[in-house]
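Structural features, examined
Chain residues, written in single-letter form:
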Amino acid sequence: MGIGKTTPLDEVIEKAGGCAVVDGGFATQLESHGADINDPLWSALCLIKDPHLIKLVHMEYLESGADILVSSSYQATLPGFLSRGLSIEEGETLLKRSVKLAVEARDSFWDSISETPGHGYNRALVAASIGSYGAYLADGSEYSGCYGPDVGLDKLKDFHRRRLQILVEAGPDLLAFETIPNKLEAQACIELLEEENIQIPSWICFSSVDGVNAPSGESFKECLDTINKSDKVNAVGINCAPPHFVEALICKFSKLTEKVIVVYPNSGEVWDGRDKRWLPSKCFNDDKFECYATRWRASGAKLIGGCCRTTPSTVQAISKALKERS
Ligand SMILES: C[S+](C)CC[C@H](N)C(=O)O
Ligand SMILES: N[C@@H](CCS)C(=O)O
Ligand SMILES: [Zn+2]
């Protein structure tokens, strides 16, 4: 995945007219179909209990115009599955299932739509979601970056390595590291991509709670200086932060990196990691996303979508804004 080579990610961006659409809140949409994800495994519980809902949600985002589907593996981890009494083998099967379900949805949507002349869809890519260590902890620390003194680089690499290998074996088109809250975890991700000689594209997205720095308080300059050293990372950006932070962050990132910029913010509501609920806050509706999407593209983002509490209608609004191109 050397720099300069055209990747499937570049191709989908080009086919989409310069800015491709990422899907929206995956867990949110599972909940709207009645899934109970109030659990340490969060949305990954559905890999065990409701795999059909996972496929349904992927289909809904495809119909809404997503060019990239993010898989259901955000909070799917081997230690998480082991602590539920599953075997390593069962855990590995579930991880592979997350990619398989997204690939099946993509293939079946593409087969059905291909028969419709003049359809405006692109064949979507499947990104395997790799949630941060904080997501696995299920204590809200993907928004604080405070992993404590015992969590060093090696521990983070150990945490991520096997899942990454299994997800890659399952054949996604790319890897999506999500809600990374600090520089150390970004470093762990890039070292793993290198050590495992990963040949598919990847993006690394940070969360942000102040709109200026990573949640840990480290500057994005420090974080991006680390990522810029790796030619295994194709895109870098922000996910699950409030939309009103995004424009300024795109401007900041575009001065700090030449990599593709990816943004998929949440609705603006705030996750209460202790009580496990979304706190009402400044919340942005689909019309606002439609208008923001155009501005984010003008500021330099090439991958735009939604994260938690956004829905297929949000993605439809983004897709409408980006595909009614200038
Ligand atoms: C993106 S957050 C809302 C995911 C859930 C969190 N890791 C938890 O388990 O509390
Ligand atoms: N891909 C995950 C991100 C959570 S922050 C989801 O949409 O559920
Ligand atoms: Zn989110």
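Just so you know, these numbers come straight off a predicted model, no measurement behind them.

Notes on the site of ligand 2
All residues in the neighbourhood of ligand 2 are listed as G25, F26, A27, S43, V70, Y74, S129, E178, T179, C240, C307 and C308. The set of elements that each furnish at least two residues to the shell around ligand 2 consists of α2 (26–32) and β4 (174–180). Of the residues contributing to the shell around ligand 2, the split by class is 7 nonpolar, 4 polar and 1 charged.

Points about the UniProt feature "binding site: Zn(2+)" (unreviewed entry) in the protein
The UniProt record marks C240, C307 and C308 with the feature "binding site: Zn(2+)" (unreviewed entry), using the residue numbering of this structure. For the annotated residues, spread through 69 residues, the largest C-alpha to C-alpha distance comes to 6.3 Å, consistent with a single compact locus. Not counting residues up to four positions away in its chain, the partners in contact with C240 are T179, S207, P265, N266, C307 and C308. Take C308: it is sitting in the loop between β10 (301–304) and α13 (312–323). The exposure class assigned to C308 is buried, which follows from the 20 C-beta atoms found within 10 Å. For C308, the residues in contact, after removing those within four places along its chain, are G25, A27, T28, C240, N266 and S267.

Comments concerning the pairing of strand β5 (residues 202–206)
By the criterion of burial, β5 is predominantly enclosed, with 5 of the 5 residues buried. Covered by surrounding structure in β5 are S202, I204 and F206 together with W203 and C205, the residues of both alternating faces. Here β4 runs beside β5; their pairing, made up of 4 bridges, is parallel. Paired with L175 across the strands is S202, a residue of β5. Viewed along the sheet, the connection from β4 through helix α9 (residues 183–195) into β5 turns out right-handed. When β5 meets strand β6 (residues 235–239), the two strands line up parallel, connected through 4 bridges. Opposite C205, over in β6, you have G237 as the bridge partner. Once you follow β5 into helix α10 (residues 220–228) and on to β6, the crossover reads as right-handed.

Calculation rules
- Residues numbered from 1 in each chain as written.
- Chains lettered and ligands numbered in written order.
- Predicted model: local features only at pLDDT ≥ 70, side-chain atom pairs only at ≥ 80, totals over all residues.
- Near = placed C-beta within 6 Å.
- Helix = DSSP H or I, 4+ residues; strand = E, 2+ residues; numbered from the N terminus.
- Nonpolar A, V, L, I, M, F, W, Y, C, P; charged D, E, K, R; others polar.
- UniProt positions renumbered as here; feature names shortened; annotations may be inferred.
- Contact = placed C-beta atoms within 7 Å.
- Buried ≥ 20, exposed ≤ 12 C-beta atoms within 10 Å, placed from the backbone.
- Pairing = 2+ DSSP bridges.
- Right-handed = clockwise from strand over helix to strand, strands pointing away.

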